[in-house]
Amino acid sequence: MEIKKLIPDPEIRNWTGPFDDKNYYFNLGKEQSEKIIQWLSIKPDQKILDIGCGCGRIAIHFLDYLSGQGQFIGIDSNKELLSYCVDNISKVNNNFQFKLIDAYNGVYSQDGKLKCKDIIFPIEDESVDIVIMWSVFTHMYLADIDSYLKEVHRVLKKGGFFIASLNLYNKFISNQIKMGKSYLDIKYRVNEDSYSLDKEVPENGFAHNEEIVKEFYWRNGFIIREIKYGVWYSKELVGEFHDCIIAQR
Ligand SMILES: C[S@@+](CC[C@H](N)C(=O)[O-])C[C@H]1O[C@@H](n2cnc3c(N)ncnc32)[C@H](O)[C@@H]1O
């Protein structure tokens, strides 16, 4: 199938990043999906869960990769983005399923009725091989990340991998930001362990204390296998933008 037909209109895709350029949207998604497949050694017959799947920017690149035995489930709290996936991606392959969750987010789902701490993913225990959360923790409060980690741990099979991209805050980053050297100006203190680039709506872009994030992973039963540091705190944008934690259950 011609995957490029699944590039949404700008008013949809721009919710998930600066994607006026549809080729940039497509190529970045392709590059990141290929990295995810390689880093986690994903097999074509595995079951993937993409939490905060948006309009399927990552999902579409799994269409030609997964076999008939493979499965891709996307969940998101934004109705418009999720509807795009249901109406377009599930239509071409019904092994790709998308489910709305009623979580509140100050940017993406202001009509969401549930707090993240009360969200139960519509997924059975220990049923997925791989969990992806790409640029979602960047828009979630630290306490909510803790709750989601518990849910990710519940649905992931033992030995399964979990990849999440986010912005990690530490002493070096703090100095970069103070000296005006960071691309993302995440300078507003939200609480003891979190900063945001937006004073009014912190969900527009968080950086969270690296040590606390790691502690949350460990506390929730994950082994952190690798942290790939991004370049968001620099003005030399070479390589992956956000930091990336690869963990195993
Ligand atoms: C920056 S976009 C990234 C979308 C997609 N992962 C990608 O890389 O293109 C952030 C996504 O997270 C979703 N989101 C925000 N808070 C969420 C929550 N609490 N639960 C599930 N999805 C959430 C938003 O609706 C949005 O689709």
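The structure displayed is predicted, hence computed values, not measured ones.

Colleague: For this particular structure, what's the right way to read helix α2 (residues 22-39)?
Modeller: Because an α-helix completes one turn every 3.6 residues, residues spaced three or four positions apart along the sequence face the same direction. If you check α2, its first and last C-alpha atoms are 26 Å apart, about what 18 residues at 1.5 Å a residue would give, namely 26 Å. Taken together, the buried positions of α2 are occupied by Tyr25, Gly29, Gln32, Ser33 and Ile36. Each buried residue of α2 sits inside an arc of 105° when the element is viewed along its axis, so together they form one side. Opposite its buried face, α2 presents the exposed residues Asn23, Asn27, Glu31, Glu34 and Gln38, each directed more than 90 degrees away. Summarising the contacts, the buried residues of α2 are in contact with α1 (10-13), β4 (128-133) and β5 (156-166). Phi turns positive one or two residues past the end of α2, at Ser41, with a value near 50°.

Colleague: Sorry, what's going on with the site of the ligand here?
Modeller: The environment of the ligand is formed by 23 residues, the closest being Gly52, Gly54, Arg57, Asn78 and Tyr108. A class-by-class count of the residues in the shell around the ligand yields eleven nonpolar, ten polar and two charged.

Colleague: Sorry, what's going on with the environment of Ser109 here?
Modeller: The residue Ser109 is located in the loop between β3 (96-100) and β4 in this model. We classify Ser109 as buried; it has 22 C-beta atoms within 10 Å. For the pair Ser109 and Ala59, spaced 50 residues apart in sequence, the C-alpha separation works out to 21 Å. Not counting the four nearest positions on each side in its chain, Ser109 is found in contact with Ser77, Asn78, Ala103 and Tyr104.

Rules of the game
Residues numbered from 1 in each chain as written. Predicted model: local features only at pLDDT ≥ 70, side-chain atom pairs only at ≥ 80, totals over all residues. Helix = DSSP H or I, 4+ residues; strand = E, 2+ residues; numbered from the N terminus. Expected span 1.5 Å × (residues − 1). Buried ≥ 20, exposed ≤ 12 C-beta atoms within 10 Å, placed from the backbone. Arc of directions from axis to C-beta. Contact = placed C-beta atoms within 7 Å. Near = placed C-beta within 6 Å. Nonpolar A, V, L, I, M, F, W, Y, C, P; charged D, E, K, R; others polar.

Any link to function would need more than the numbers given here.
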